[in-house]
Structure formats: C-alpha cells, structure tokens
Amino acid sequence: FRPDGRAAPAPLRVPRAVPGLATTKVLVMEFVEGVSLNNLAAEARKRGVEPGSPEAKILGSRIVRALGEAYARMIFGAGFVHGDPHPGNVFVQPGGAVALLDCGQTKQLSAADVERLGAVIARLQAYRAAPSDRAALAALGDAVRAYGVELRPRDVDE
C-alpha cells in the first residue's frame, strides 16, 4: 500500500497458471515476453548497451528494486516466498518491467520466521549506519544466531 492507503502497483509481473494444464508435477504458466537474466547481458550488447554503462546501471537498479520490493511484500505481507528465484526465472520484459516465472516452489513462512527476518534486517541497517559500533555488530550476530546459524569468532583489528 502507499502511504495514503491506496493500493500500490505490483513491482513485477507473475504470470498466471494455465487452468487445466497445471498439475502437482507440472506447472504451465501463461507466456511472458522478455529476456531472462541469464541472457540479458548478451541481449543488451546486441542493442548497443554495454555492461557498466549508465543505461545498464539504470536497468540493473530497476531489476533489483522490483525484486526487493516483491520479496519484501511476499515475506512481510503474504508470508510466503518464491522458492526458485534463479536468473532463468527472472525475465526483463520490453520496456524494462520485471517478471518472476515458475512459481511452482514456494515456502510459507511462520510468524516467528517473519519476525526473526525483520530483526535481522533492522539490525543490519543499524550496523550499516554505524559499522564501528560493536554493540550494533553484536546485535546483528544475535539476530543471525536466532536462525540457528553458528558464527565463528574472529579477531578484529581496530
């Protein structure tokens, strides 16, 4: 939603399953025109856009923004995530819109998972704002450990 409460436009397109053709073993989705991230650099070069150019950076920023917003909505809104977001499943459509394909693998997140992830993100932001703050780093470590991740101690030169 937007700050004024109106619905915000979707950050990317997700094609619909084709009724009658989707089963528990096969997912058939409507056709999406575009180029997968796997092939995007080659396609961009064909069109005269070189990696690292201002145009490429603008498109890259648009792709990252769309995926970031979509995943934030999935996690903190619906409580589920697309489970297979490899470059072949992310398409850039004509005009630069982003599409996320193959939604056959998803993961429902528990409320505890969503809360823990929110804590990691908040603590990461606090650490990025003050990277020399050892308390912020310790809090980030604690949030990551809440997922069961073991962190090895290391010596840090000051």
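The structure reproduced in this document is the subject of the present report. (Residues numbered from 1 in each chain as written. Predicted model: local features only at pLDDT ≥ 70, side-chain atom pairs only at ≥ 80, totals over all residues. Heavy atoms only, no water.)

## Some remarks on the pattern of salt bridges
Think of it this way: side chains of opposite charge can pair up when their charged atoms draw near.
Phase 1 of the analysis: The final tally for this structure, using the stated rule, is seven salt bridges.
Phase 2 of the analysis: With its nearest N and O atoms 3.8 Å apart, the salt bridge here joins K46 to E43. With K46 and E43 both in helix α1 (residues 37-46) and three residues apart, the pair spans about one turn of that helix.
Phase 3 of the analysis: The exposure class of K46 is exposed, given its relative accessible area of 69%.
Phase 4 of the analysis: A salt bridge links D142 to R145; the shortest N-O distance between them is 3.2 Å. Placement of the pair is D142 and R145 together in helix α4 (residues 134-145), with a separation of three residues, close to one helical turn.
Phase 5 of the analysis: Take R145: its relative accessible area is 41%, and that puts it in the partly exposed class.
Phase 6 of the analysis: Here the salt bridges do not stand alone but share partners, grouping E43, K46 and R47 into one network. (Salt bridge = Lys/Arg side-chain N within 4 Å of Asp/Glu carboxyl O. Helix = DSSP H or I, 4+ residues; strand = E, 2+ residues; numbered from the N terminus. Buried < 20%, exposed > 50% of the residue type's maximum accessible area, 1.4 Å probe, protein only.)

## Here's the deal with the sheet that holds strand β3 (residues 90-92)
Phase 1 of the analysis: As summarised here, the arrangement of the three strands in space is β1-β3-β4, forming an open sheet in which the pairing is antiparallel. Lying at the two open borders of the sheet, with one neighbouring strand each, are β1 (35-36) and β4 (98-100).
Phase 2 of the analysis: In terms of strand pairing, β3 meets β4 through three bridges, oriented antiparallel. Residue V92 lies in a different strand from β4, and its bridge partner there is V98.
Phase 3 of the analysis: Packed onto the sheet, helix α2 (residues 54-78) meets β3 and β4 and runs at close to 40° relative to β4. (Pairing = 2+ DSSP bridges. Contact = heavy atoms within 4.5 Å. Axes fitted to C-alpha atoms, helices over the stretch in contact; angles between N-to-C directions.)

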